[in-house]
Each structure stands twice: as C-alpha cells, then as structure tokens.
Amino acid sequence: MNINSTLYAKQFRSRAESGDTEEMWSYVLEVSTVICERIQYSNTPSEMEIGSKLLDYVNRNYTESDVSLKSLAAMIDMSVSSVSKTFKEVAGVNFYDYLSRLRMERAKELLRENSGDMEKIASTVGYENVYSFKRAFARYEGIKPGEYAQKWDGAG
C-alpha cells in the first residue's frame, strides 16, 4: 500500500503536542481516508512501482526548490498529467498538497525548535524566497510563521 508511516506518525505527534483534539481527529480521518482510497485502487504492479518511486523521490528531495511535477515527469519520461495521476493514486492526495504537507511539517518543527531566521527556514524546506514560504505557511496553517513560532515560545 506504500504508506509512509513514519511521516504520518510524526505529523500525528505534532498535532497531539498542540493539544487540539479536533485537529487530531481530523488528521485521523484524513489518514483513514487515504488508506481506504489506496485499497480501492486497482493499479497494475508497474504503475504502483512507478508511483512508489515518485513518492520515494519526493520524500527524499522535498527540501529541494526544483521538485515539481514537471521535473518528475522529465526524470521518468512521462507526461506531467500521467505523473500527476499516478502520484495521486499512490499518495492519496495530489502532488502539490503532499509536497506542501512535507515542507510545512518540517517548517513547523524548525519553528518550534527556534532554529534560525525565516529566510533560513524557507530555504531549508525548499522555498526559493521567504515571501513564498510565508504565504504558503499562512495558507497551510492559517497563521503566519512568526505567529506560529511565538505560540510555541510562550508554550515552552
């Protein structure tokens, strides 16, 4: 089924640390949905193999700013739309949502650890500039990264 249990466990732990039970249950539902969707897919072994390679590549390289559907398509000589479809079938979510989740969860870890400035964090998680990172973080979390860091400063 190709589920990155380490990632899901880390993300759940992050939500558990926040103490927001509604957010934790929402995440449990999301992961359960992904599992159920993957069970439904009747992919051929070769599609699953390609999808697994794509997923593995993204998991290992999400901090690189040039990771994109286009670069994945070029890497395995497939069309962008085929890569997008295969990725969603294997990951359970579309490529950009998956990539954003990886980057934002790592950014939240860095913000909680108070490690460095926003430009360094943005670069570390794969954004070419701090503006794009801040905008993506606010869209993903609903608050600005600085506000998130302050929230953890007060809690720690």
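To be clear, the structure that these remarks concern was listed above.
These notes cover the structure that comes with them. (Residues numbered from 1 in each chain as written. Predicted model: local features only at pLDDT ≥ 70, side-chain atom pairs only at ≥ 80, totals over all residues. Heavy atoms only, no water.)

Section: the side chain of Glu105
Argument step 1. Within the secondary structure, Glu105 is located in helix α6 (residues 95-112).
Argument step 2. The residues touching Glu105, leaving out its near neighbours within four places in the chain, are Gln11, Ser14, Arg15 and Tyr140. (Helix = DSSP H or I, 4+ residues; strand = E, 2+ residues; numbered from the N terminus. Contact = heavy atoms within 4.5 Å.)

A closer look at the packing of aromatic side chains
Argument step 1. Under the defined criterion, the tally for this structure stands at six aromatic pairs.
Argument step 2. Aromatic pair Phe87 and Tyr98: ring centres 5.4 Å apart, planes at 70 degrees, arrangement edge-to-face. Of the two residues, Phe87 sits in helix α5 (residues 80-91) while Tyr98 sits in helix α6, which places them eleven residues apart along the sequence. For the pair Phe87 and Tyr98, a shared accessibility class is recorded, and that class is buried.
Argument step 3. Arranged with centres 4.8 Å apart and planes meeting at 80 degrees, the rings of Phe95 and Tyr96 form a pair that is edge-to-face.
Argument step 4. Within the aromatic cluster, the residues linked to one another by ring pairs are Phe87, Phe95, Tyr96 and Tyr98.
Argument step 5. The side chain of Arg103 reaches across the aromatic face of Tyr127, ending 5.2 Å from its centre. (Phe/Tyr/Trp six-rings, centres within 6.5 Å; stacked < 30°, edge-to-face > 60°. Buried < 20%, exposed > 50% of the residue type's maximum accessible area, 1.4 Å probe, protein only. Lys NZ or Arg CZ within 6 Å of the ring centre and 35° of its normal.)

What is shown is where atoms sit, not what they do.
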